[in-house]
Amino acid sequence: MAITLYHNPRCSKSRQALALLEEHGVEVTVRRYLDEPLSEEELRDLMSRLDADGEALVRTQEAEWQEFEDIDLQDQEEVIRAIVSYPKLMERPIADDGKRAVIGRPPEDVLALLHAKD
């Protein structure tokens, strides 16, 4: 099984999620989303696989959020536009097996993708 991890190596939770997946022998493709931002279409696809709403996907504590604080977090297109404008607003880490995606907060949540396959 291969899992894509949307990863920020400066984030301790993201590093912990990567380590957990590797400890379980998972083939991990790391995508450093700050270096290689997701397109609108990629974000739509990812959001369709997440067990969370737009509110969970946005890091509202980031300073850049101030520009978007009036948007409706339930409006997928508004959330996508904010994240495309400032990729730093995307919550991390996110593990994606192509069928289902989970936000790794706490990092152990990424293991749910492994158990879904058992």
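Relevant structure appears above.
Let me begin by describing the structure that accompanies this report.

Quick notes on the rules
- Residues numbered from 1 in each chain as written.
- Predicted model: local features only at pLDDT ≥ 70, side-chain atom pairs only at ≥ 80, totals over all residues.
- Heavy atoms only, no water.
- Helix = DSSP H or I, 4+ residues; strand = E, 2+ residues; numbered from the N terminus.
- Buried < 20%, exposed > 50% of the residue type's maximum accessible area, 1.4 Å probe, protein only.
- Contact = heavy atoms within 4.5 Å.
- Areas by Shrake-Rupley, 256 points an atom, 1.4 Å probe, with all protein chains shown as cover.
- 1 Å grid on protein atoms, 1.4 Å probe; cavity = no way out; pocket = protein on both sides within 12 Å on 5 of 7 lines; lining within 4 Å.
- Points joined across faces, edges and corners; volume = space filled by probe spheres on them.
- Phe/Tyr/Trp six-rings, centres within 6.5 Å; stacked < 30°, edge-to-face > 60°.

Of the regular secondary structure elements, the protein holds 5 helices and 4 strands. What you see in the protein, going N to C, is helices and strands ordered as β-α-β-α-α-α-β-β-α. By principal-axis analysis of the C-alpha atoms, the protein measures approximately 40 × 25 × 20 Å. Each of the 118 residues in the protein was classed as buried or not, and the buried ones make up 44%. Sequence separation of at least 24 residues holds for 60% of the intrachain contacts in the protein that already meet a minimum separation of 6. For the protein, the exposed surface amounts to about 6,300 Å²; the carbon and sulfur share of it is 43%.

A word on empty space enclosed by the protein. Rolled over the atoms, a probe as big as a water molecule pinpoints where empty space is left. Considering all chains together, one arrives at 1 cavity of 30 Å³ or more under this definition. Lining the largest cavity are Tyr33, Pro37, Leu38, Leu43, Ile83, Val84, Pro87 and Met90.

Attention shifts here to the packing of aromatic side chains. Scanning the model with the defined rule gives 2 aromatic pairs in all. For the pair tryptophan 65 and phenylalanine 68, a centre-to-centre distance of 6.4 Å together with 35 degrees between the ring planes defines the contact as tilted. Note on accessibility: tryptophan 65 and phenylalanine 68 belong to one class, buried. Their ring planes at 75 degrees and their centres at 5.8 Å tell us that phenylalanine 68 and tyrosine 86 sit as a pair that is edge-to-face. Within this pair, whereas phenylalanine 68 is found in the loop between α3 (54–57) and α4 (76–85), its partner tyrosine 86 is found in the loop between α4 and β3 (94–96), the two being separated by 18 residues in sequence. For tyrosine 86, a relative accessible area of 28% puts it in the partly exposed group. In this structure an aromatic cluster arises from ring pairing among Trp65, Phe68 and Tyr86.

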